[in-house]
Amino acid sequence: MGRLLMVEDDEMLRAAIREVFTLKGYRVAEADCGEGFMSQVEKQDFDLVLLDLNLPDEDGLVLLRRARARSDVPVFVVSARADKESRLTALELGADDYVTKPFDVRELELRIRNFLSRQKRRNNGAEHGGNRIRFGNWTLLPDQWSLQDANGQQLVLTRGELDVLMALVKAEGNALSREKLADVLARNINGSNPETVTVLVYRLRKKLVDESRDNPVIVTVPGVGYRIGAEVFYGD
């Protein structure tokens, strides 16, 4: 099914997750602290990381920032922190999902199974070129979860970033409210809300570094939401 790294200091919870995921065919590696997490990420490739935030030697958000600086491995934050600020910060730092404890381990397995299935389709699409959607100086490759600039350089998108950008592109210049975009995100990300949308738009704008103030790629429509500020073309 996939190779997972579980970063969790609660031994009983690790055992419960390990049992369910191993029975489903996953290979599960474990770490109970931040040092163990960074050591394993640097030495091995994983399909997904389950990251607790309250670790004995380091805050999980710091670890997420460090991991994102050197790897694009998908990260599901699994934490008892239920506050909005922690969730939004994790998403801003590049987490692909945020799961609040307590949770149903079987439901978590289903979410991860669906996520990895989409990842597999993405990789298969990359081998065959994928669909192309052009707007401004950018090309969106949905099957590859990436953006390509005018020089051919590719930028990897998280699932949330891709979902928001796809929704805006499909609207072809029509404005979408933050609530509507939050509904789109809710299909794949736990606890999505308008604040989550704001964070993801901020992250997208940082990646669309060549946008100008006079002609931005993502336009804020006051009192409404956001729209794509460039004409959209499909295909090569």
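Our structure is the block above this text.
Calculation rules
Residues numbered from 1 in each chain as written. Predicted model: local features only at pLDDT ≥ 70, side-chain atom pairs only at ≥ 80, totals over all residues. Heavy atoms only, no water. Helix = DSSP H or I, 4+ residues; strand = E, 2+ residues; numbered from the N terminus. Rg over C-alpha atoms; globule rule 2.2 N^0.38 Å. Buried < 20%, exposed > 50% of the residue type's maximum accessible area, 1.4 Å probe, protein only. Contact = heavy atoms within 4.5 Å. Areas by Shrake-Rupley, 256 points an atom, 1.4 Å probe, with all protein chains shown as cover. Pairing = 2+ DSSP bridges. Axes fitted to C-alpha atoms, helices over the stretch in contact; angles between N-to-C directions. Patch = residues over 30% accessible without salt bridge, like charges linked within 9 Å, V, L, I, M, F, W, Y side chains within 5 Å. Salt bridge = Lys/Arg side-chain N within 4 Å of Asp/Glu carboxyl O. Lys, Arg positive; Asp, Glu negative; His and termini not counted. Charge placed at Lys NZ, Arg CZ, Asp CG, Glu CD. Expected span 1.5 Å × (residues − 1). Polar contact = N/O pair within 3.5 Å; in protein donor to acceptor, adjacent residues only side chain to side chain.

Student: Break down the overall build of the protein chain for me, with residues and values.
Tutor: Per the secondary structure count, the protein chain includes eight helices and 13 strands. On C-alpha atoms alone, the protein chain measures out to a radius of gyration of 18 Å, which is about the 18 Å that the 2.2 N^0.38 rule sets for 236 residues. Along the longest, intermediate and shortest principal axes, the C-alpha atoms of the protein chain span 55 × 40 × 30 Å. Out of the 236 residues belonging to the protein chain, those deemed buried represent 50%. For the protein chain, the proportion of contacts with a sequence separation of at least 24, taken over those separated by at least 6, is 58%. By element, 45% of the accessible surface of the protein chain is carried by carbon and sulfur atoms, the whole surface being about 11,700 Å².

Student: With reference to specific residues and values, describe the sheet that holds strand β8 (residues 146-148).
Tutor: Spatially, β9-β8-β7-β6-β13 is the arrangement adopted by the five strands of the open sheet, whose pairing is antiparallel. One side of each edge strand has no neighbouring strand; the edge strands of this open sheet are β9 (154-156) and β13 (232-234). Strand-to-strand twist of the sheet, defined as the mean angle between neighbouring strand axes without regard to direction, takes the value 25°. In terms of strand pairing, β8 meets β9 through three bridges, oriented antiparallel. In the strand pairing of β9, leucine 147 is matched with leucine 155.

Student: Residue-level account of a negative patch on the surface, with values.
Tutor: Side chains of Asp9, Asp10, Glu11, Asp32, Glu35 and Asp57 sit close together on the surface and give a patch of like negative charge. Structurally, aspartate 32 can be placed in the loop between β2 (27-31) and α2 (34-43). In this structure aspartate 32 comes out as partly exposed when scored by relative accessible area, which is 41%.

Student: Can you explain helix α8 (residues 194-207)? Please cite residues and give values.
Tutor: Counted at 1.5 Å a residue, the expected span for α8 with its 14 residues is 20 Å, and the 20 Å between its end C-alpha atoms agrees. Considered for burial, the residues of α8 that qualify are Pro194, Thr196, Val197, Val199, Leu200, Val201, Arg203 and Leu204. Where the residues of α8 are buried, they touch α4 (84-92), α6 (159-171), α7 (178-185), β11 (218-221) and β12 (225-228). The opening residue of α8, the one whose side-chain oxygen lies 3.0 Å from the backbone nitrogen of glutamate 195, is asparagine 193.

Student: Describe the pairing of strand β7 (residues 138-141), listing the residues and the values that go with them.
Tutor: Where burial is concerned, the two faces of β7 agree: the one with Trp138 and Leu140 and the one with Thr139 and Leu141 are both buried. Alignment of strand β6 (residues 133-135) against β7, held across three bridges, turns out to be antiparallel. The residue of β7 that forms the bridge with phenylalanine 135 is tryptophan 138. From the end of β6 to the start of β7, which pair antiparallel, there are two residues, and glycine 136 there has a positive phi angle of about 60°.

Student: How would you explain the pattern of salt bridges if you had to name every residue and give the values?
Tutor: Under the defined criterion, the tally for this structure stands at 13 salt bridges. Between glutamate 30 and arginine 14 there is a salt bridge, with its nearest N and O atoms 2.9 Å apart. You can see glutamate 30 sitting in strand β2 and its partner arginine 14 sitting in helix α1 (residues 11-23), a full 16 residues away along the chain. Residue classification places glutamate 30 among the partly exposed residues on the basis of a relative accessible area of 25%. Taking relative accessible area as the criterion, arginine 14 reaches 13% and is therefore assigned buried. A salt bridge links glutamate 161 to lysine 207; the shortest N-O distance between them is 2.7 Å. In this pair, glutamate 161 sits in helix α6 while lysine 207 sits in helix α8, placing the two residues 46 residues apart along the sequence.

Student: Before we move on, can you summarise unusual backbone geometry with the specific residues and values?
Tutor: The amide bond that connects lysine 101 to the next residue, proline 102, takes the cis arrangement and shows omega of -5°. Its location among the elements puts proline 102 in the loop between β5 (97-100) and α5 (105-127). For tryptophan 145, which is not glycine, the phi torsion reads 55° and is therefore positive. Structurally, tryptophan 145 can be placed in the loop between β7 and β8. On the accessibility criterion, tryptophan 145 (7% relative accessible area) is buried. Look at glutamate 172: it is not a glycine, yet its phi comes out positive at around 50°.

Student: Pulling in residues and values, what's your account of the sheet that holds β2?
Tutor: Strands sit in the order β2-β1-β3-β4-β5 across an open sheet of five strands; the sheet is parallel. Only two strands of the sheet have a single neighbouring strand rather than two, namely β2 and β5. With strand direction ignored, the average angle separating the axes of adjacent strands in the sheet is 20°. Across five bridges, the pairing between strand β1 (residues 3-7) and β2 is parallel. Pairing of methionine 6 across the sheet is with glutamate 30, part of β2. Those strands touched by α2 are β1, β2 and β3 (48-51), and its axis lies near 135° from that of β2.

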